[in-house]
Each structure stands twice: as structure tokens, then as C-alpha cells.
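Chain residues, written in single-letter form:
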Number of protein chains: 2
Amino acid sequence: MNFKKVPLTAIRRLSIYARMLAGLEADGKQQVSSRDLGETASIPSTQVRKDLAYFGQFGKRGSGYSVKELGFRLRKILGIDRAWNVALVGAGNLGRALFSYPGFSKQGFRIVAVFDNSPGKVNKSWKGTRIQSIKELSKTVREKNISIGIVAVPASGAQEVADEMCKAGIKAVLNFAPKRLKVPTGCMQANVDLAIELENFSYYLSKLR
Amino acid sequence: MNFKKVPLTAIRRLSIYARMLAGLEADGKQQVSSRDLGETASIPSTQVRKDLAYFGQFGKRGSGYSVKELGFRLRKILGIDRAWNVALVGAGNLGRALFSYPGFSKQGFRIVAVFDNSPGKVNKSWKGTRIQSIKELSKTVREKNISIGIVAVPASGAQEVADEMCKAGIKAVLNFAPKRLKVPTGCMQANVDLAIELENFSYYLSKLR
DNA sequence: ATTAACTTGTGAATAATTTCACAAAGTCCG
DNA sequence: CGGACTTTGTGAAATTATTCACAAGTTAAT
Ligand SMILES: NC(=O)c1ccc[n+]([C@@H]2O[C@H](COP(=O)([O-])OP(=O)(O)OC[C@H]3O[C@@H](n4cnc5c(N)ncnc54)[C@H](O)[C@@H]3O)[C@@H](O)[C@H]2O)c1
Ligand SMILES: NC(=O)c1ccc[n+]([C@@H]2O[C@H](COP(=O)([O-])OP(=O)(O)OC[C@H]3O[C@@H](n4cnc5c(N)ncnc54)[C@H](O)[C@@H]3O)[C@@H](O)[C@H]2O)c1
């Protein structure tokens, strides 16, 4: 096993492998090689093996990896062998789409509370989930053991919401607002920033002509 | 100027600087230092300067960068000094949120066509935009000079849609389906993969206890 | 005019990550 | 069994990206 620090990027690829394995398992496949695992995502087999080697020796020379065994191990490593409770703040267009998306809970990420600060939204219900006032965040985070927060409010309110989340004990913030947030150490942050993706496109598109 | 290849990551940071500059300009600020520019995004000033140096010398020693001038130059570099036409495929929950989001067109990315393959959706209208059959994609891409495509269909149909897009002449595909796509060389791809973000969280969360 | 304080731009050093190369082990088949 | 083929795991090398260190230009105050 490789005891060096695990590259940040390796963890993200582990998610890709895990998803791939779930598909293979559903198809009844028993064995898979590092080449097959990386193929559809264009990840070289040697990268796949390096990534896995950070966590152990899961394969068998000559035949590859057991789909079932490796899937199990990866889910364990990624911490998705259990459910995680998620708070959504911002009951707008995006929040609604995220809330009603069944993919999350299927993966074990359950949006167990929704918050907003607009009087027009608070106390309305979405499929039986009451939209709570942002003031109730702290209490609810503790009560429902919420560790992940999703920020789906306009940029102007995003930092404030993230601050509240971290103060309430949320340890990981997924931010959709087009704004970089500051979070205290001990709190993780990830940004889904469509402007960056699109501008990355336009940069390269501009160079084509 | 630095003629070495521009790191992929530098381009993404350029977007962050450009957004920051837009804010500063709106606030009436005239000058900004590399330190200020990176600060809110926790990017070291030396990284900011390196990133900018790939494209020229925009600053003035002692006083920093002109907000207006640098903003202009970055928008030019990023290709956002013009509008880009975007096709959205998948008129579901997510597609609807994306379509109705005013932030895109404000940034110059205009969703000028929406496609779906469900008879229940095709020929319905969203705010005056007719949802077209996916069969019309190729024609419309040519007619409306569309260079960017957004995939917002279930994973099962995502590859097929991406294939259509690339065949139709779309050069950049932004994929929201939880599935890695294969695109031909000459076509760019970016993935917004919430499962990866969340599983990245759960990996680190699991290690906390 | 001099000094102190800033700030940029950039080569060099460092760090992080990916790719290569290959030994060792397992499989398959006649 | 023996030989051809497959596949893993892993140091070493190569590549890519970040950070350091500092010369050189700029500003501002007295
Ligand atoms: N809709 C999209 O497709 C899309 C795409 C990319 C990014 N985003 C970003 O996601 C965020 C949400 O977008 P949206 O389209 O859902 O916006 P929206 O305006 O539809 O909804 C925002 C919601 O947040 C609530 N809110 C505002 N400030 C709040 C606060 N301080 N505390 C609690 N609630 C607050 C509002 O009441 C509203 O219900 C925005 O930052 C937007 O830029 C959205
Ligand atoms: N909704 C979310 O918040 C969310 C979050 C993360 C990821 N996603 C992903 O985004 C994608 C869309 O999600 P959604 O919630 O909007 O799903 P949805 O089921 O609401 O909508 C999907 C739409 O795509 C259409 N469609 C299906 N196959 C098609 C094809 N081959 N060609 C054209 N149109 C086709 C369907 O008719 C439907 O209108 C999915 O891949 C989903 O996993 C969604």
C-alpha cells in the first residue's frame, strides 16, 4: 500500500469508479480490470491502479478486481455506506430542482430540511417538508444531525448563509452562488460555478477562430 | 510575458478575477492589487500575478491594476466580450431552472433553443421559447450559430445527446448527468457532477470521527 | 530629494500529480 | 506442465502547477 498523501483528485476519481462499479454490479458483471474501469471516463488504467493503491490491494493479478468487493470497499472509503443529512438553504428555482431530484437520496444524501428567509416562502411546504425560517437553522441542524449544507441563494446572501451554516455545526458547504465563500477552518467548501465552466468554454472557443 | 503553456487551472481563476473586477467596477473602485484580487477567493497574490502574466503585463508597480482596464482585458481573454448561443437539451426540472436563470444571459450566455424527446414536452413553450424535438437539433444549431450545449437529460440518454450535439457542430458540452461522456476530439466537455462533490464531502466527513 | 512602504513581474525552487516501465502473480489452453 | 497472455502494484521519471525570493518600478510623505 502507498502511504503517501492521497491526491485530492484521486478521491474524486474514486467516485467515478464507484459509480461505474454500481453499474457493472447491476449488469451482473463479476470481474473488472483497471483498464475497463477507467475506459469510459478516459482515465488511464495506471491512474486507476495508483488511485486504488492509496487504500489497499484490492485486485488479483491476471484477472482484475471483484466488482462486488471493490464496490463495497470504495463505498466504505467514500463514506457512502451510510446516509448523510443535508440542509438546503434557498427555496428558489434551483433549490426546487435540487430538492425534487431523487438522485440524491438514492445516493444516500437526504435533504431533510429546507430554509429560506422570504416571508412568502417560509412555512409553505414542498412535498410534506415545511420550508423553515433561516432562523431555525441552528436548532434544526443539531436536532437532525445535519452535516452538509447546500447554498442556493443569490450571491448577495451566500456568505451570510455559509456563516450561519458553519456556526450551526455544518461541516461541508456546497455553494451554487456565483461567489467565492470564506469558511472557517474545519469546514469544507465546494463550489458549483457554472460561470466558470462556461467561461472556460468561451476562452477555448475564442481561440478556435 | 510568460510564453509557457497556460495552466488549465489558471483559466478558471481568470473567471474568478473577472467576476471580482466586475464587482469592484460597480463599486467605483479604480485600482486593485493582486493581493486584493485573490483575497476573497483565498488565492495567493503571487498566483494571481502568475496567472495574469501568461497574458501580458497589466499592472503598474507600486499601485496595482486598473480595475477598468484589467476587467476589459480579462473579458477579452475569456471571450466574454461577446455573446454565445447555447442549446439546452432536457426540459425537465433542472433544465427549467437553468433556462429561467437570468444569470446566464447577463453573462452573455444565451439559451436560444431548448430540446426534449418526450412528446409531452415537445412544442410546449417556455416564456415564448418553443421546446423543439431533439430531431431539430442539427438544423437549429446551424441556423442559430450555437456553439455550446447543455446536457440536462437522465444519464441513460446523455451520451446519445452529446453525440448528437457534437455531430451537429457544437464545440463545447456542459453535462449535468451523472455519467462521464465521450466526446470526439475537437469537442470540449465539462461535467457538473454533484455526486462527486457530495461524495468528496462524505469521504472527509467520515475521517473526522 | 530622500526614505520607507508598496507592488509588479518573473526565474528558480518546490510541491503535487500523472505517466512510464517492469517485476511478480494469475489465467488459459493445448 | 509449459508457454503465451493478462493484469496488478509500485518505484522512478516526467510533467504540471504552485510558491518563493527578489530585482525593479511606483507612490507618498516629509
Ligand atoms: N437557477 C439556476 O439555474 C442557477 C444556475 C447557476 C447558479 N445559480 C445560483 O444559485 C442560486 C439560487 O438560484 P435560483 O435561481 O434558485 O434563485 P431564486 O431567486 O429563484 O431563489 C433564491 C431563494 O433564496 C432565498 N434567499 C435569498 N436570500 C436568502 C437568505 N439570506 N437566506 C435564506 N434564503 C434566502 C430567496 O427568498 C429565494 O427563495 C443563485 O446564487 C444563483 O446565482 C442558479
Ligand atoms: N434536478 C436536479 O437537481 C439535478 C441535480 C443533479 C443532477 N441532475 C441530473 O440532471 C439531469 C436532468 O435532471 P432533471 O431533474 O431535470 O430530470 P427530469 O427527469 O426532470 O428531466 C429530464 C428531461 O430530459 C428529457 N429527455 C430524456 N431523454 C432524452 C433524450 N434522449 N433526448 C432529449 N430529451 C430527453 C425528458 O423528457 C425530461 O424532460 C439528470 O441526468 C440528473 O441526474 C439533476
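Residues numbered from 1 in each chain as written. Chains lettered and ligands numbered in written order. Predicted model: local features only at pLDDT ≥ 70, side-chain atom pairs only at ≥ 80, totals over all residues. Heavy atoms only, no water.

Looking at an unreviewed UniProt entry, chain A carries the name Redox-sensing transcriptional repressor Rex. Quoted verbatim from the Sequence similarities (unreviewed entry) heading of the UniProt record, the comment on chain A is "Belongs to the transcriptional regulatory Rex family." UniProt lists a comment for chain A under the heading Function (unreviewed entry), and it reads "Modulates transcription in response to changes in cellular NADH/NAD(+) redox state." (UniProt positions renumbered as here; feature names shortened; annotations may be inferred.)

Turning next to helix α9 (residues 194–208) of chain B. Residues and elements named next belong to chain B. Relative to the 21 Å expected for 15 residues at 1.5 Å per residue, α9 spans 21 Å between its end C-alpha atoms, a close match to the ideal helical length. Within α9, 11 of the 15 residues are buried, leaving the element largely enclosed by the surrounding structure. Every buried residue of α9 is accounted for by L194, A195, I196, E197, L198, E199, N200, F201, S202, Y203 and L205. (Helix = DSSP H or I, 4+ residues; strand = E, 2+ residues; numbered from the N terminus. Expected span 1.5 Å × (residues − 1). Buried < 20%, exposed > 50% of the residue type's maximum accessible area, 1.4 Å probe, protein only.)

A few words on the UniProt feature "binding site: NAD(+)" (unreviewed entry) in chain A. Residue and element names in this part refer to chain A. Feature annotation in UniProt places "binding site: NAD(+)" (unreviewed entry) on G90, A91, G92, N93, L94 and G95, given in this structure's numbering. Relative to the assigned elements, G90 resides in the loop between β4 (84–89) and α5 (93–99). Residue classification places G90 among the buried positions, given a relative accessible area of 4%. Once residues lying within four places of it in the same chain are set aside, the contact partners of G90 are G95, F115, D116, A152 and V153. Examined against the element boundaries, A91 turns out to sit in the loop between β4 and α5. In this structure, A91 is in contact with V114, F115, D116, K121, W126 and I131, ignoring residues within four places of it in sequence. (Contact = heavy atoms within 4.5 Å.)

Turning to the site of ligand 2, a few remarks are in order. As a matter of local geometry, ligand 2 sits amid 22 residues, with Y101 of chain A together with N93, L94, D116 and V153 of chain B nearest to it. Chain contributions to the surroundings of ligand 2 come from chains A and B. Between ligand 2 and L98 of chain A there is a distance of 3.4 Å, counted from an oxygen atom to a backbone nitrogen or oxygen. Here N93 of chain B contributes a backbone N or O atom positioned 3.0 Å from an oxygen atom of ligand 2. Protein coverage of the free-state accessible area of ligand 2, which is 820 Å², stands at 84%. (Near = heavy atom within 4 Å. Polar contact = N/O pair within 3.5 Å; in protein donor to acceptor, adjacent residues only side chain to side chain. Areas by Shrake-Rupley, 256 points an atom, 1.4 Å probe, with all protein chains shown as cover.)

The subject of this paragraph is the sheet that holds strand β3 (residues 64–66) of chain B. Residues and elements named next belong to chain B. The sheet built from 3 strands is open, its strands ordered β1-β3-β2 with antiparallel pairing. What marks the edges here is a single partner per strand, and that holds for β1 (31–32) and β2 (59–60). Packed onto the sheet, helix α4 (residues 67–78) meets β1 and β3 and runs at close to 75° relative to β3. (Pairing = 2+ DSSP bridges. Axes fitted to C-alpha atoms, helices over the stretch in contact; angles between N-to-C directions.)

Around DNA strand C sit 26 residues in total, of which R13 and R61 of chain A together with S34, R49 and Y65 of chain B are the nearest. At the protein interface, 68% of the atoms of DNA strand C within 4 Å belong to sugar or phosphate. One nitrogen or oxygen atom from the side chain of K60 of chain A is found 3.3 Å from a phosphate oxygen belonging to DNA strand C. Within the side chain of Q57 of chain B, one N or O atom sits 2.9 Å away from a phosphate oxygen of DNA strand C. Of all the elements in the fold, those that place two or more residues in the surface near DNA strand C are α1 (8–26) and α3 (45–53) of chain A together with α2 (34–39), α3 (45–53), β2 and β3 of chain B. Class assignment for the residues of the surface near DNA strand C results in 6 nonpolar, 11 polar and 9 charged. (Nonpolar A, V, L, I, M, F, W, Y, C, P; charged D, E, K, R; others polar.)

Residues and elements named next belong to chain B. A positive phi angle is found at S42, which is not glycine, with a value near 55°. Turning to its location among the elements, S42 is positioned in the loop between α2 and α3. Judged by its relative accessible area of 53%, S42 is exposed. Phi is positive for N123, which is not a glycine, with a value near 80°.

In helix packing, the relevant descriptors are the interaxial angle and the interaxial distance, both defined with respect to the helix axes. All names here are of chain A. Between α1 and α3, the least distance of the axes is 10 Å, while the angle of their chain directions is 105°. Considering their axes alone, α1 and α3 lie roughly perpendicular with respect to each other. Across from A10, R13, L14 and Y17 in α1, the residues of α3 making contact are Q47, V48, D51 and L52. Across the contact of α1 with α3, the residue classes tally to 5 nonpolar, 1 polar and 2 charged. (Parallel < 35°, antiparallel > 145°, perpendicular 65-115°, else oblique.)

Residue and element names in this part refer to chain A. Side chains I148 and I150 project from strand β8 (residues 148–151) onto one buried face, and the interleaved G149 and V151 project onto a second face that is buried too. Judged from the 4 bridges that link them, β4 and β8 form a sheet pairing that is parallel. The partner of L88 across the bridge, within β8, is I150. Sheet topology note: the β8/strand β9 (residues 172–175) ladder contains 4 bridges and is parallel. For I150, the partnering residue across the bridge sits in β9 and is L174. As for the winding sense of the linkage, the β-α-β connection from β8 through helix α8 (residues 155–168) to β9 is right-handed. (Right-handed = clockwise from strand over helix to strand, strands pointing away.)

Within a sheet, adjacent strands bond to each other through the backbone by hydrogen bonds, running parallel or antiparallel. Residue and element names in this part refer to chain A. Taken together, the 7 strands give an open sheet; going across it, the order is β6-β7-β5-β4-β8-β9-β10, and neighbouring strands pair in mixed fashion. Unpaired on one side and paired on the other, β6 (125–126) and β10 (188–191) mark the two borders of the sheet. Judged from the 2 bridges that link them, β6 and strand β7 (residues 129–133) form a sheet pairing that is antiparallel. Residue pairing across strands places S125 opposite R130, the latter belonging to β7. Sitting on the sheet, helix α7 (residues 137–144) is in contact with β4, β5 (109–116) and β7, with an inclination near 160° to β5.

On to the protein's contact with DNA strand D. If you check the shell around DNA strand D, you find 27 residues, and the closest are S34, R49 and Y65 of chain A together with R13 and R61 of chain B. Those atoms of DNA strand D that come within 4 Å of the protein belong to sugar or phosphate at a rate of 64%. One nitrogen or oxygen atom from the side chain of S34 of chain A is found 2.6 Å from a phosphate oxygen belonging to DNA strand D. Side-chain polar atom of R49 of chain A to a base nitrogen of DNA strand D: 2.7 Å apart, as the coordinates give it. The set of elements that each furnish at least two residues to the surface near DNA strand D consists of α2 (34–39), α3, β2 (59–60) and β3 (64–66) of chain A together with α1 (8–26) and α3 of chain B.

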